[in-house]
Amino acid sequence: MFAIGLLIILRRDFGTYGLDVRVWPMELKRAIEMAAAKSRISPRWWWTAIGLQFVVCIVAGLFRLSVTQLLLLVTWQLFATALGEEIFFRGYMQSRLSQVFVRRFSILRIRCGFGLIITALLFGLLHSFNTVDYFSGRFTFAWTLAFLTALMGFAFGLLKEGTGSIVPGIIVHALNNLFWLMVMPHSAWFWLSRPSH
């Protein structure tokens with residue numbers, strides 16, 4: 001919500017940062033078509049893969065959580081975590097940095113530049129604080145999580161550069177988080193480097 005407040009204060013156009021909700025269905029469709037063209041895999045298979053991963057997450061979640069807890073977790077991951085982080089990091093920060101740094105190189109035929117790299121690194125660095133507990137005096141940084149999150153941030157950033165939209169990143173971000181929390185919860189805690197006691 002910080003990013004939205006910043007855009008309002010600075011009187012920026014929301015559409016410039018991928019926040020025009022009216023075009024999100026079209027942007028998601030375009031992203032699937034782009035992924036299909038680059039991978040030479042049918043769009044139908046991409047939609048199936050997304051749906052299947054969501055179903056696997058929900059079924060795995062039902063073994064561990066009540067329906068209410070599951071709905072709250074899915075809602076939180078989609079609308080608070082994924083939406084909020086994608087709006088700020090890819091929608092605002094990466095868009096602004098990409099205006100400053102020229103898109104000098106190409107990855108998978110997607111033009112990008114140092115704005116993408118800086119945003120991904122900052123995204124990872126922020127997640128290193130997930131294991132810090134200021135109130136108990138525990139300053140254990142999750143460097144493994146920071147590294148993995150920076151890699152994911154790079155992938156989300158490529159989606160943004162390739163499609164011009166944050167919508168695919170929101171979907172992939174939410175599914176990634178749900179997968180780790182629902183399907184592989186023990187591995188998720190391991191990657192968080194949480195102390196065992």
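Below is a summary of the structure that appears in this document. These numbers come from a predicted model, not from an experiment.

### Looking at the side chain of serine 95
With respect to the helices and strands, serine 95 occurs in helix α4 (residues 67–100). Polar side-chain contacts of serine 95 include one of 3.4 Å to the backbone oxygen of arginine 90.

### Description of the packing of helix α3 (residues 43–62) against α4
As a packed pair, α3 and α4 sit with axes 9 Å apart at the nearest point and diverge in direction by 140 degrees. By the angle between their directions, the pair α3 and α4 is classed as oblique. The chirality of how α3 crosses α4 is right-handed. Listed contacts from α4 to Phe54, Ile58, Gly61 and Leu62 of α3 are Val67, Leu70 and Val74.

### With respect to the packing of aromatic side chains
Overall, the coordinates contain eight aromatic pairs when judged by the stated rule. With 5.3 Å between their ring centres and 75 degrees between their planes, phenylalanine 129 and phenylalanine 141 make a pair best called edge-to-face. Taken together, the residues span a long stretch of sequence, with phenylalanine 129 in the loop between α5 (114–127) and β3 (132–133) and phenylalanine 141 in the loop between β4 (138–139) and α6 (143–163) at a distance of 12 residues. Through a chain of ring-to-ring contacts, the aromatic side chains of Phe88, Phe89, Tyr92, Phe123 and Phe156 assemble into a single cluster. One Lys or Arg, arginine 90, reaches over the ring of phenylalanine 123 and ends 4.3 Å from the middle of that ring.

### Some details on the side chain of histidine 173
Among the structural elements, histidine 173 can be located in helix α7 (residues 167–183). Contacts of histidine 173, omitting those with residues within four sequence positions, involve Thr81, Ala82, Glu85, Glu86, Arg90, Phe123 and Phe156.

### Some remarks on the nonpolar core
Listed in full, the nine residues of the largest apolar core are Trp24, Leu28, Ala82, Leu83, Ile87, Ile166, Val167, Ile170 and Ala174. Elements supplying a minimum of two residues to this core: α2 (24–39), α4 and α7. Counting residues in each nonpolar core, the second largest holds seven residues, with Leu65, Leu70, Leu178 and Met182 among its members.

### Here we look at a nonpolar patch on the surface
On the surface, Leu122, Leu125, Phe129, Tyr134, Phe135, Phe139 and Trp143 cluster together into a nonpolar patch covering about 850 Å² of accessible area. The class of phenylalanine 129 is partly exposed, set by a relative accessible area of 37%.

### A look at α3
With 20 residues, α3 should cover 28 Å at 1.5 Å per step; its first-to-last C-alpha distance of 29 Å lies within 8% of that length. Listed in full, the buried residues belonging to α3 are Cys57, Ala60 and Gly61. Buried residues of α3, seen end-on, are gathered within an arc of 110 degrees and therefore sit on one face of the element. Summarising the geometry of α3, the exposed residues directed more than 90 degrees from the buried face are Arg44, Trp45 and Leu52. Those residues of α3 that are buried are in contact with α4 and α7. Between a side-chain oxygen at the N-terminus of α3 and the backbone nitrogen of arginine 44 the separation is 3.1 Å; the capping residue is serine 42.

Conventions we followed
- Residues numbered from 1 in each chain as written.
- Predicted model: local features only at pLDDT ≥ 70, side-chain atom pairs only at ≥ 80, totals over all residues.
- Heavy atoms only, no water.
- Helix = DSSP H or I, 4+ residues; strand = E, 2+ residues; numbered from the N terminus.
- Polar contact = N/O pair within 3.5 Å; in protein donor to acceptor, adjacent residues only side chain to side chain.
- Axes fitted to C-alpha atoms, helices over the stretch in contact; angles between N-to-C directions.
- Parallel < 35°, antiparallel > 145°, perpendicular 65-115°, else oblique.
- Left-handed = near helix turned anticlockwise from the far one by under 90°.
- Contact = heavy atoms within 4.5 Å.
- Phe/Tyr/Trp six-rings, centres within 6.5 Å; stacked < 30°, edge-to-face > 60°.
- Lys NZ or Arg CZ within 6 Å of the ring centre and 35° of its normal.
- Core = buried A, V, L, I, M, F, W, Y, C linked by side-chain atoms within 4.5 Å.
- Buried < 20%, exposed > 50% of the residue type's maximum accessible area, 1.4 Å probe, protein only.
- Patch = residues over 30% accessible without salt bridge, like charges linked within 9 Å, V, L, I, M, F, W, Y side chains within 5 Å.
- Areas by Shrake-Rupley, 256 points an atom, 1.4 Å probe, with all protein chains shown as cover.
- Salt bridge = Lys/Arg side-chain N within 4 Å of Asp/Glu carboxyl O.
- Expected span 1.5 Å × (residues − 1).
- Arc of directions from axis to C-beta.

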